[in-house]
Amino acid sequence: MIKPLEIVVTNDDGISSPLLALLADVSKEFGNAAVIAPDRNWSATGHQKTLGRSMRADPAPPVAGVPAFACAHTPSDCSALAGLGFLDRKIDVVLSGVNPASNASRDITYSGTVTAALEATIWGIRAAAFSIDGFKGDFEENCALLRPYLKRAIRKFLDIALPPFTILNFNFPNPALLKEKEARFVVTKQGERIYHDELVKRIDPFGRPYYWFGGEMPSGDRMEGSDCGEIARGNISVTPIHLDLTAHELIEPLRKFDWR
Ligand code: MN
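Report follows, based on the coordinates. Everything numeric here is computed off the predicted structure, so don't read it as measured data.

Regarding the environment of glycine 31
Inference 1: Here glycine 31 lies in strand β2 (residues 31–38).
Inference 2: Sequence spacing of glycine 31 and valine 93 is 62 residues, and the spatial spacing of their C-alpha atoms is 9.6 Å.
Inference 3: When near neighbours in sequence (up to four residues on either side) are disregarded, glycine 31 contacts Pro4, Leu5 and Ile7.

Observations concerning the coordination of the manganese ion
Inference 1: At 2.1 to 2.3 Å from the manganese ion lie its protein donor atoms, namely Asp12 (OD), Asp13 (OD), Ser43 (OG) and Asn99 (OD1).
Inference 2: Counting gaps between the donor residues of the manganese ion yields the pattern D-D-x29-S-x55-N. One end of the pair, aspartate 12, is in the loop between β1 (5–10) and α1 (18–27); the other, asparagine 99, is in strand β5 (residues 93–99), with 87 residues separating them in the sequence.
Inference 3: On the basis of relative accessible area, aspartate 12 is assigned to the buried category, the value being 2%.
Inference 4: Residue classification places asparagine 99 among the buried residues on the basis of a relative accessible area of 7%.

So, the packing of helix α2 (residues 75–83) against helix α3 (residues 112–122)
Inference 1: At a minimum axis separation of 8 Å, α2 and α3 run at an interaxial angle of 25°. Here α3 runs roughly parallel to α2, going by the angle between their axes. Considering only the axes of α2 and α3, their crossing is right-handed. Where α2 abuts α3, its residues Pro75, Ser76, Ser79 and Ala80 lie against Gly112, Thr115, Ala116, Glu119 and Ala120.
Inference 2: Considering only residue class, the contact of α2 with α3 consists of 4 nonpolar, 4 polar and 1 charged.

Remarks on the pairing of β5
Along a regular strand, successive side chains alternate from one face of the sheet to the other.
Inference 1: A large share of β5 lies buried, amounting to 7 of its 7 residues.
Inference 2: As paired strands, β5 and strand β6 (residues 126–132) are joined by 5 bridges and run parallel to one another. Within β6, the position partnered with leucine 95 by the bridge is alanine 128.

Definitions and limits used
Residues numbered from 1 in each chain as written. Predicted model: local features only at pLDDT ≥ 70, side-chain atom pairs only at ≥ 80, totals over all residues. Heavy atoms only, no water. Helix = DSSP H or I, 4+ residues; strand = E, 2+ residues; numbered from the N terminus. Contact = heavy atoms within 4.5 Å. Donors = N, O, S within 2.8 Å, 3.2 Å for Na, K, Ca; no water. Buried < 20%, exposed > 50% of the residue type's maximum accessible area, 1.4 Å probe, protein only. Axes fitted to C-alpha atoms, helices over the stretch in contact; angles between N-to-C directions. Parallel < 35°, antiparallel > 145°, perpendicular 65-115°, else oblique. Left-handed = near helix turned anticlockwise from the far one by under 90°. Nonpolar A, V, L, I, M, F, W, Y, C, P; charged D, E, K, R; others polar. Pairing = 2+ DSSP bridges.

Structure below.
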C-alpha cells in the first residue's frame, strides 16, 4: 500500500478564513491533511520567526473536516512547527493560502502566504502558495469558480519535482475573469508591482501624530509572462520562487571592484 501524502495547510489570514477552509477541503483529497494556522490575521508580516519566547499551538475545531491547530504566532512559525515534528510525523507537503488578494511581483517578501511556503522548504518540505486576485462578491459562487482550478493546481504541483528551497507561487485571476472564460495556467516571472501608498498623518486626541499607509491598492504591469500581467488577463500565474535572493548578475562586476 502506498503511504498517503502527509499534508499541512496553513495561511496568513488566520484559522477562521473561509478560503483556508476551501484549501483544506481540496487538500484532503490528496492525502492525510492537517491545518496548522495562525489564530488571527498575520497578512503582510513577511518571513518571521519566533525566537526567545514560548509558542502556543492549541487544538482547534476541524476546518472543513480536517484536524486543526491554532498557533498564536506567525505563518512561517506554523510551517516550522510542521517541519520540526509538531504532529509527530514527517510532513511531505505544505500548502499555504488561499489568500484573498494576489501575491505577485514584490509582494512576495511582505506576504505571509508566500513566506510560510518558503519556510517549509527550509525543513525539506515541498511547498506552494495560493492567492486569488480581487476576491470580492458572492463567496459561494467565487469558491465554485476557484475550486476546480485549485484542485488542478495542487494535482499538477504534486507531479513536479522542485529543487531545494524552491516553491511554486500560484496566483488566480479575480473571480469575475474566471467566470468570463476558461483560465490557462501560465508560467511567469515576477512582474512590476506599482504601489500607490500615501502616508496619511492624523493627530490623536492628545495632540500626538499617528500615521497610516493609505492610498489606493497596488496595481501591476500588464506584460505577457509576468505574474501581474497574466492574472490581469484572466490566466493563472505559476511562478517558481526560491529563497536565494542573491543578485547573481552582480557577482562578477562586484568581484572586479577594487575593495582595498
Ligand atoms: Mn493574507
